[in-house]
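# Chains, contacts and geometry: an overview
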Amino acid sequence: MQVLADVWTKESLLWKLKMMEAASLYANSRIHAVKAQTLILASGRDQLLPSLEEAQRLSNLLPTCQMRNFNDSGHNLFMEDGFNLVTVIKGAGFYRRSSKIDYVSDYIPQNLSGIKKTTDGYGQVNMAADPVMLSTLEDGKIVRGLAGIPSEGPVLFVGYHMLMGFDLAPLISTFLEQKNILVRGIAHPMFFQNELEKRQLDPSLFDTLKILGAVPVSPTYFYKLLAEKSHVLLYPGGVREAFHRKGEENKLFWPSQPEFVRVASRFGTKIVPFGVVGADDLMDIVLDYDDLMKIPYIKDVISELNDAIKVYADTDGEVAKQKIHLPGVVPKLPGRFYYLFGKPIETQGRMNELGDKELYMYTKSEVENSINYLKEKRKTDPYRSLLSRLLYQATHDPNSEIPTLEL
């Protein structure tokens, strides 16, 4: 501000303010006529203009508007290091060929440097959980790393969704780093709609999912991804697993219909079942869905949100009852995440010996077996706790791989 005081005279500043006043009156008198889809970028530390307040005002006036907040940015947002306008446009779903985005055909992957910047935010989760990735070779041998993962698609990863989806960040970033494979997830439709913004929440929290190739739950998108020979990530239990109740750790909640098996077999997809454990070493649930629904105000918010967004509406069982909410949790001294990717299941020609239902149940049992294997094996890991890993790093090369359980 002192620099501006030296550059602008009092008369010059008054003249500019009058120009702004006239321009604002002109614009505000016509803003009701703007029907085009609009993206507003607002800086949280703008010392010249009230960017956040103005962005919120405009978003209430413009009928098809989205807003993205940059809380740590100043007045010159476009000139700041680390800001990439194209990435922001992609995350908001504005980079497309037509009026409606197609999350498969309109998707353009980031270059390697762009992907690294996008996944940099995962670093804290990876450091705290220090994930152990295990995979299964063709001969059934379990090895550390991802040597057992097929490099050529289509490949369908089917697994268990840990509490609040904490398994996603290590999985996606490790596959990019070790195999140069972009795993495209099937995600809840809430992350692609404006329900969060309507409730004064920042939707940019989930733009990373779109930038990394996630698509909404949809048979059409699932079909398109496999047709393009992608590596696809599917959690049949969805929100019901990610926001489970107390005492339901590591329990699967899968729909009764084997739809993904039928589509996967049509393209000869390799199905890789996997299990993951470790959320119970990161936090404990103190308020689950049942507890929250006993609190009047919170109950109304949860009910309103879930009435607006539904998925699996045409199925039955526990998955049909899944409710979006944010459980109350208490953090713990971090333990470690463990992943086990099972032996790839060939669907090419397999349907002659196993029907849809049988292959579906076999895949589910393989996921459960992986979870049980990890729960037992992690007990033998001398570096399961954060303190033991910190001590190891302090006495060894900081870049060296921390040992884990014996295989």
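Attention in this report is confined to the structure presented alongside it. Predicted model, so just to flag it, every value in this text is computed and none were measured.

## Considerations on helix 7 (residues 168–179)
- With twelve residues, helix 7 ought to run about 16 Å at 1.5 Å a step, and its terminal C-alpha atoms sit 16 Å apart, in line with that.
- Turning to helix 7, its buried residues number three or more, namely Ala169, Pro170, Leu171, Ile172, Ser173, Thr174, Phe175 and Leu176.
- Phi turns positive one or two residues past the end of helix 7, at Asn180, with a value near 55°.

## Considering the side chain of Thr136
- As for its position among the elements, Thr136 is in strand 3 (residues 132–136).
- A relative accessible area of 8% places Thr136 in the buried class.
- Within the structure, Thr136 has its side chain in polar contact with the backbone oxygen of Phe341 (distance 2.9 Å).

## Some details on the pattern of salt bridges
- Under the criterion given, the structure shown has 20 salt bridges.
- Put simply, Glu248 and Arg240 hold a salt bridge, and the shortest N to O gap is 3.0 Å.
- It is possible to trace a salt-bridge network through shared partners that takes in Asp130, Arg336, Asp381 and Arg389.

## Some details on the packing of aromatic side chains
- Evaluated as defined, the whole model comprises 15 aromatic pairs.
- Between Phe157 and Phe341, the aromatic rings sit 6.0 Å apart at their centres with planes inclined by 75°, giving edge-to-face as the arrangement. One end of the pair, Phe157, is in strand 5 (residues 155–159); the other, Phe341, is in strand 12 (residues 338–341), and 184 residues separate them in sequence. Across the pair, exposure class does not vary: Phe157 and Phe341 are buried alike.
- Here Trp254 and Phe260 contribute two aromatic rings whose centre-to-centre distance is 6.2 Å and whose plane-to-plane angle is 80°, an arrangement assigned as edge-to-face. In terms of burial, Trp254 and Phe260 fall into one category: buried.
- Over the aromatic face of Tyr26 sits the side chain of Arg30, whose NZ or CZ is 3.9 Å from the ring centroid.

Basis of the calculations
- Residues numbered from 1 in each chain as written.
- Predicted model: local features only at pLDDT ≥ 70, side-chain atom pairs only at ≥ 80, totals over all residues.
- Heavy atoms only, no water.
- Helix = DSSP H or I, 4+ residues; strand = E, 2+ residues; numbered from the N terminus.
- Expected span 1.5 Å × (residues − 1).
- Buried < 20%, exposed > 50% of the residue type's maximum accessible area, 1.4 Å probe, protein only.
- Polar contact = N/O pair within 3.5 Å; in protein donor to acceptor, adjacent residues only side chain to side chain.
- Salt bridge = Lys/Arg side-chain N within 4 Å of Asp/Glu carboxyl O.
- Phe/Tyr/Trp six-rings, centres within 6.5 Å; stacked < 30°, edge-to-face > 60°.
- Lys NZ or Arg CZ within 6 Å of the ring centre and 35° of its normal.

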